[in-house]
Amino acid sequence: MSRMSAADRPEPPAPAGAARDAVPAAAGALEGAVWSLIGNTPLARLRRIEPHPGVEIHAKLESRNPGGSVKDRAAASMIREGLRTGGLVPGKTLLDASSGNTGIALAMLGAALGYTVKLCVPSNVSSERKRLLDIYGADVVWTNPLEGSDGAIREARRLFALEPQRYFYSDQYSNEANWRAHYDTTAVEILAQTSRRITHFVAGLGTSGTFVGTGRRLKLEKPTVQLISVQPDGPFHGLEGLKHMDSAIVPPIYDPSLADEAVAVETDEAWAMVRRLAREEGVFVGVSGAAALVATLRAAATVERGVFVTIIPDGGERYLSERQMERA
Ligand SMILES: Cc1ncc(COP(=O)(O)O)c(C=O)c1O
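**As for the confidence of the model for the chain**
Link 1 in the chain: Looking at the chain as a whole, its pLDDT mean stands at 91, while 90% of the residues score no less than 70.
Link 2 in the chain: Contacts for the low-pLDDT stretch residues 1–22, under 50 throughout, to residues beyond four places or in other chains number 34 contacts.

**Things to note about the packing of aromatic side chains**
Link 1 in the chain: Per the stated rule, a full pass over the model turns up three aromatic pairs.
Link 2 in the chain: Seen in terms of ring centroids, Trp179 and Tyr183 are 5.9 Å apart; in terms of plane orientation they differ by 85°. Their pairing is edge-to-face. Taken together, the residues span about one helical turn, with Trp179 and Tyr183 both in helix 6 (residues 176–193) at a distance of four residues.
Link 3 in the chain: Judged by centre distance (6.5 Å) and plane angle (20°), the rings of Phe201 and Phe211 are stacked. Here Phe211 lies in helix 7 (residues 209–221) and Phe201 lies in strand 7 (residues 200–204), a separation of ten residues in the sequence. Pair check on accessibility: Phe201 and Phe211 agree, each one buried.
Link 4 in the chain: Sitting over the ring of Trp179, Arg216 keeps its end group 4.5 Å from the ring centre.
Link 5 in the chain: The positively charged end of Arg217 is found above the aromatic ring belonging to Tyr183, 5.0 Å away from the centroid.

**Looking at the site of the ligand**
Link 1 in the chain: By nearness alone, 17 residues border the ligand, and Lys71, Gly206, Thr207, Thr210 and Ser288 come closest of all.
Link 2 in the chain: Contact between the ligand and Asn101: an oxygen atom at 2.9 Å from a side-chain N or O atom of the residue.
Link 3 in the chain: Between an oxygen atom of the ligand and a main-chain N or O atom of Gly206, the distance comes to 2.8 Å.
Link 4 in the chain: Notes on the ligand: free accessible area 390 Å², of which the protein chains cover 98%.
Link 5 in the chain: Residues belonging to the shell around the ligand are distributed by class as follows: four nonpolar, nine polar and four charged.

**Some thoughts on the environment of Phe308**
Link 1 in the chain: In this fold, Phe308 is placed in strand 10 (residues 306–312).
Link 2 in the chain: Here Phe308 falls in the buried class, since its relative accessible area comes to 0%.
Link 3 in the chain: For the pair formed by Phe308 and Arg45, sequence separation is 263 residues and the distance between their alpha carbons is 9.6 Å.
Link 4 in the chain: In this structure, Phe308 is in contact with Val55, Glu56, Ile57, His58, Thr199, His200, Val202, Ile228, Thr296, Ala299, Ala300 and Val303, ignoring residues within four places of it in sequence.

**Some remarks on unusual backbone geometry**
Link 1 in the chain: At Asp171, a position not held by glycine, the phi torsion is positive, near 45°.
Link 2 in the chain: At Ser208, a residue that is not glycine, the phi angle is positive and equals roughly 85°.
Link 3 in the chain: Structurally, the position occupied by Ser208 is in the loop between strand 7 and helix 7.

**Details of the side chain of Asp96**
Link 1 in the chain: Note that Asp96 resides in strand 3 (residues 93–97).
Link 2 in the chain: For the buried Asp96, which has no salt bridge, the nearest side chain bearing the opposite charge is Lys71, at an N-O separation of 8.4 Å.
Link 3 in the chain: Among the polar contacts listed, one links the side chain of Asp96 to the backbone nitrogen of Gln172, at a separation of 3.0 Å.
Link 4 in the chain: With residues near it in sequence (within four places) discarded, Asp96 still touches Met78, Leu106, Lys118, Leu119, Cys120, Ala156, Tyr169, Ser170, Asp171 and Gln172.

**Some details on the pattern of salt bridges**
Between side chains of opposite charge, a pair can form as their charged atoms come close.
Link 1 in the chain: Applying the stated criterion across every chain, the model contains 19 salt bridges.
Link 2 in the chain: Arg158 is the salt-bridge partner of Glu155, the closest N and O atoms lying 2.9 Å from each other. Here Glu155 and its partner Arg158 are both found in helix 5 (residues 148–162), three residues apart, which amounts to about one turn of the helix.
Link 3 in the chain: Residue class for Glu155 comes out buried when judged on its relative accessible area of 1%.
Link 4 in the chain: Note that Asp260 is salt-bridged to Lys219, the shortest N-O span being 3.0 Å.

**Section: the sheet that holds strand 1 (residues 43–45)**
Link 1 in the chain: The six strands are arranged 1-2-10-7-8-9 in an open sheet whose pairing can be described as mixed. A strand with exactly one partner marks an edge of an open sheet, and here the two such strands are strand 1 and strand 9 (261–265). When the angles between neighbouring strand axes are averaged without regard to direction, this sheet yields 25°.
Link 2 in the chain: Looking at chain direction, strand 8 (residues 226–232) and strand 9 are connected through five bridges and run parallel. Within strand 9, the position partnered with Ile228 by the bridge is Glu261.
Link 3 in the chain: Each of strand 7, strand 8 and strand 10 touches helix 7; the most contacted strand, strand 7, lies at about 165° to it.

**Looking at the nonpolar core**
Link 1 in the chain: With 34 residues, the main nonpolar core has Val265, Leu293 and Phe308 as its most contacted residues.
Link 2 in the chain: Elements represented by at least two residues in this core include exactly strand 2 (55–61), strand 8, strand 9, helix 8 (267–280), helix 9 (287–300) and strand 10.
Link 3 in the chain: Looking at which element gives the most residues to this core, the answer is helix 9, with nine residues.
Link 4 in the chain: Ranked by size, the runner-up nonpolar core spans 26 residues in total, among them Leu94, Leu113, Leu133 and Trp142.

**A short note on helix 5**
Link 1 in the chain: Taking 1.5 Å per residue as the helical rise, helix 5 with its 15 residues ought to reach 21 Å, and the 22 Å between its terminal C-alpha atoms agrees with that figure.
Link 2 in the chain: For helix 5, every residue scored as buried is listed here: Ser149, Asp150, Gly151, Ala152, Ile153, Glu155, Ala156 and Leu159.
Link 3 in the chain: Looking at the buried residues of helix 5, the elements they touch are strand 3, strand 4 (117–122), strand 5 (139–143) and strand 6 (167–169).

About the thresholds
Residues numbered from 1 in each chain as written. Predicted model: local features only at pLDDT ≥ 70, side-chain atom pairs only at ≥ 80, totals over all residues. Heavy atoms only, no water. pLDDT = per-residue confidence, 0-100. Contact = heavy atoms within 4.5 Å. Phe/Tyr/Trp six-rings, centres within 6.5 Å; stacked < 30°, edge-to-face > 60°. Helix = DSSP H or I, 4+ residues; strand = E, 2+ residues; numbered from the N terminus. Buried < 20%, exposed > 50% of the residue type's maximum accessible area, 1.4 Å probe, protein only. Lys NZ or Arg CZ within 6 Å of the ring centre and 35° of its normal. Near = heavy atom within 4 Å. Polar contact = N/O pair within 3.5 Å; in protein donor to acceptor, adjacent residues only side chain to side chain. Areas by Shrake-Rupley, 256 points an atom, 1.4 Å probe, with all protein chains shown as cover. Nonpolar A, V, L, I, M, F, W, Y, C, P; charged D, E, K, R; others polar. Lys, Arg positive; Asp, Glu negative; His and termini not counted. Salt bridge = Lys/Arg side-chain N within 4 Å of Asp/Glu carboxyl O. Pairing = 2+ DSSP bridges. Axes fitted to C-alpha atoms, helices over the stretch in contact; angles between N-to-C directions. Core = buried A, V, L, I, M, F, W, Y, C linked by side-chain atoms within 4.5 Å. Expected span 1.5 Å × (residues − 1).

As structure tokens, this is what we get:
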């Protein structure tokens, strides 16, 4: 584990203010305010990129969550479960490893509840993410970019092992409440929004919570739905938020047997799709969502009829400072 130099590091968060010193809110305080805005995201039909008549492409725009990403669902679910089971109690610090979006969601919700949040994050995440983590007051340990999300996981495990009594380690990679969030909400929304017409579901794999939770529920409710998982094509990639499972620490919640098809996408193809979607559909997506759409179009080209639904985990604004945006 190595850390960034002091010059690269954002300003440390301000010391916990009055809200953090106060007794954190109990589970009942989850209702209302920011919590009630999570989920029920729109499903947009992307007509102009549909390959041929008979195939519909729909994108679930998770950037519409209050924290700006799909990870609000998992973070809220893990916090609720922690409060319900008594793992998260006043005085504990919320701890997790994140490539950014879960960290932002935990920092936002921790702030709303009055808990201190400590996050282990690879130092090469986009500067927009770094700023957001700082704005929500998270305490961040920057980990070696060459070790990717695995380096962040190892550091969170190390911190937890040193002082287990100090932390509520939500451990998104192992936490059943992560995939359950999607089983209980994302899948149900998709079935309703497509009037159960969905035939194919496509999602990228990070912790795999989105794919596993949504996929399990869709298969239960409509067994003919085809599940397509999306990964980067190799260990060194630029698809922030996604994992190359063959070379990474495999999340305990991941169930590879769920996928009817597993698609690998190159980083450059995904960036090209970011630009194409912005220019042809007027929809600005993050690069992992663009990768999922590359996989969607590939699969859609092979069928005569189908209703494809893809998860777009976040919006392109979160990556505006990335070098690849300049080529647009
Ligand atoms: C941008 C982005 N895309 C995709 C994912 C993958 O979602 P999941 O962890 O549910 O597999 C994440 C997860 O953090 C993400 O931040």
